[in-house]
Amino acid sequence: MAMEATKSKTSGYRMYLITFIELSLLTLLGVWLTTVNFISGLTATLILTIAAIQALIVLFYNMHLKFTEKILAIFAGLAISLMLLLIIVTMLDYIYR
Amino acid sequence: MEQIQILQHRDDTASRIGMWLFIFTEIFLFAGLFLVFIVYRFKYLDGFHLAAKELNVTIGTINSIILLFSGMTMGFSFVAVQKGNNKFALALLILTVLLGIIFLVNKYFEWRIKFQHGLYPGSSELIALSKGDVMFFGLYFFMTGLHALHLIAGLVFIIVVIGAIIRKRITPEKLALHENCSLYWHLVDLVWIFLFPLFYLIN
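All of these numbers come straight from a predicted model, not from anything done at the bench.

Undergrad: Kindly report on the overall build of chain B, identifying the contributing residues and their values.
TA: Within chain B, the secondary structure is distributed over seven helices and zero strands. Of the regular secondary structure in chain B, the N- to C-terminal order runs α-α-α-α-α-α-α. Seen along its three principal axes, the alpha-carbon backbone of chain B occupies a region of about 85 × 30 × 25 Å. Here chain B, with 203 residues, has 39% of them falling under the buried criterion. In chain B, of all internal contacts separated by at least 6 residues, the share reaching a separation of at least 24 is 75%.

Below, the structure written as structure tokens:
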């Protein structure tokens with residue numbers, strides 16, 4: 001039987017340091033946004049957009065989706081799309097029922 | 001002379017795909033809970049708005065930074081093992097465990113304040129409040145509690161990896177266990193990235 005040793009190619013310490021700084025700054029930006037008076041609903045939208053950007057950074061860099069097999073990235077894309085569809089369809093059903 | 005060759009079968013790609021499938025199920029579990037939160041937030045807008053003001057944004061922010069920092073130390077540890085620097089990897093994993101424990105201690109103090117104020121599911125003080133408050137704190141304790149359970153499972157997983165590194169079962173050529181542990185720890189990060197704004201920031 002063949003031995004297999006697959007390694008994820010990552011960019012080393014620097015990549016994790018940069019993602020930590022980015023994620024921390026985005027967290028602080030989200031906290032700061034709560035102190036600003038925007039039009040009703042805009043703050044929530046901006047904060048959730050920031051959370052979505054943070055999630056993408058974690059998925060692609062910390063969880064190595066950017067460096068791993070293409071098939072995994074496709075699976076992840078499909079799973080996340082299905083999850084978003086589930087949320088959107090349920091919300092539409094809830095709002096227009 | 002007869003030679004006996006022992007071949008060990010290992011499939012790191014299959015191991016990684018298996019871990020990702022498990023992560024997808026976890027993402028769907030939390031997505032369902034986020035959906036419940038969003039629906040009830042629309043239904044009890046005022047109650048959720050007032051209840052969210054009871055949470056301490058400073059503690060939440062500190063906990064977020066602690067968890068993000070632990071994600072970095074976990075990543076550093078993975079790189080250290082790849083480079084064959086096991087001592088550094090072990091130190092970083094121990095630091096990750098300590099950061100996880102600090103997160104849980106902060107959460108304990110946060111929960112204790114809520115218990116002292118009678119803001120926990122089933123308490124007479126909470127039942128006397130609006131339905132929005134009851135739903136908010138019910139979801140708050142359930143979702144942050146479930147997240148904390150995942151974090152504790154992650155800590156156990158890290159301790160297993162520490163043991164494997166000490167026994168030289170994780171090497172630069174055999175990284176699957178460490179990588180899967182790292183993936184799980186980042187999942188805990190990922191869930192908190194959404195829990196924090198939903199409960200602490202949107203009010």
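Don't stop here, the text continues.
Undergrad: Got a sec to walk through the interface of chain A and chain B? Specific residues and values, please.
TA: Quite often, the size of an interface is put as the accessible area lost when its parts meet. At the interface, 39 residues of chain A touch 42 residues of chain B. For the side of chain A that touches chain B, the secondary-structure elements that each account for two or more residues are helix H1 (13-33), helix H2 (42-62) and helix H3 (70-96) of chain A. Class assignment of the residues belonging to the side of chain A that touches chain B gives a composition of 24 nonpolar, 12 polar and three charged.

Undergrad: Give a description of the packing of H2 of chain A against helix H7 (residues 176-201) of chain B that names residues and reports values.
TA: Following both chains from N to C, one finds H2 of chain A and H7 of chain B inclined at 175°, their axes separated by 10 Å at the closest point. One way to sum up the angle between H2 of chain A and H7 of chain B is to call them roughly antiparallel. Across the interface between the two elements, Ile-47, Leu-48, Ala-51, Gln-54, Ala-55, Val-58 and Asn-62 of chain A from H2 of chain A touch His-186, Asp-189, Leu-190, Ile-193, Phe-194, Pro-197 and Leu-201 of chain B from H7 of chain B. Looking at the contact of H2 of chain A with H7 of chain B residue by residue, the classes come out as 10 nonpolar, three polar and one charged.

Undergrad: Mind laying out H3 of chain A, listing which residues take part and the relevant values?
TA: In this model, H3 of chain A (27 residues) spans 39 Å end to end at C-alpha, consistent with the 39 Å of a helix rising 1.5 Å per residue. For H3 of chain A, the buried fraction is low: zero of the 27 residues fall into the buried class.

Undergrad: Give me the confidence of the model for chain B: which residues, what numbers.
TA: On average, residues of chain B score 92 in pLDDT, and 98% of them reach the 70 mark or higher. Across the interface, the model reports ipTM at 0.90; the global pTM reads 0.90.

Undergrad: Now, about helix H4 (residues 86-116) of chain B: what can you tell me, with residues and values included?
TA: All names here are of chain B. Taking 1.5 Å as the rise per residue, H4 with 31 residues should run 45 Å; its terminal C-alpha atoms sit 45 Å apart, in good agreement. Here H4 has its buried residues at Ala-89, Leu-92, Leu-93, Thr-96, Leu-99, Gly-100 and Phe-103. Trailing H4 by a residue or two, Gly-118 shows a phi angle of about 75°, which is positive.

Undergrad: How would you summarise the confidence of the model for chain A if you had to cite specific residues and measurements?
TA: In the predicted model, chain A carries a mean pLDDT of 84, and the fraction of residues at 70 or more is 88%. Note that residues 1-7 of chain A has pLDDT below 50 and, in this model, 15 contacts with residues that lie over four places away or in other chains.

Undergrad: Just give me the short version of the environment of Ile-170 of chain B, but keep the residues and values in it.
TA: All names here are of chain B. Here Ile-170 is to be found in the loop between helix H6 (131-166) and H7. Ile-170 gets classed as buried once you count the C-beta atoms within 10 Å, which come to 22. The spacing of Ile-170 and Leu-126 is 44 residues in sequence and 50 Å in space, taken between C-alpha atoms.

Undergrad: Which residues make up the environment of Phe-60 of chain A, and what values go with them?
TA: Residue and element names in this part refer to chain A. Position of Phe-60 among the secondary structure elements: in helix H2. Judged by the 16 C-beta atoms lying within 10 Å of it, Phe-60 is partly exposed. When neighbours within four sequence positions are excluded, Phe-60 is seen to be in contact with Leu-65 and Lys-66.

Conventions we followed
Residues numbered from 1 in each chain as written. Chains lettered and ligands numbered in written order. Predicted model: local features only at pLDDT ≥ 70, side-chain atom pairs only at ≥ 80, totals over all residues. Helix = DSSP H or I, 4+ residues; strand = E, 2+ residues; numbered from the N terminus. Buried ≥ 20, exposed ≤ 12 C-beta atoms within 10 Å, placed from the backbone. Contact = placed C-beta atoms within 7 Å. Nonpolar A, V, L, I, M, F, W, Y, C, P; charged D, E, K, R; others polar. Axes fitted to C-alpha atoms, helices over the stretch in contact; angles between N-to-C directions. Parallel < 35°, antiparallel > 145°, perpendicular 65-115°, else oblique. Expected span 1.5 Å × (residues − 1). pLDDT = per-residue confidence, 0-100.

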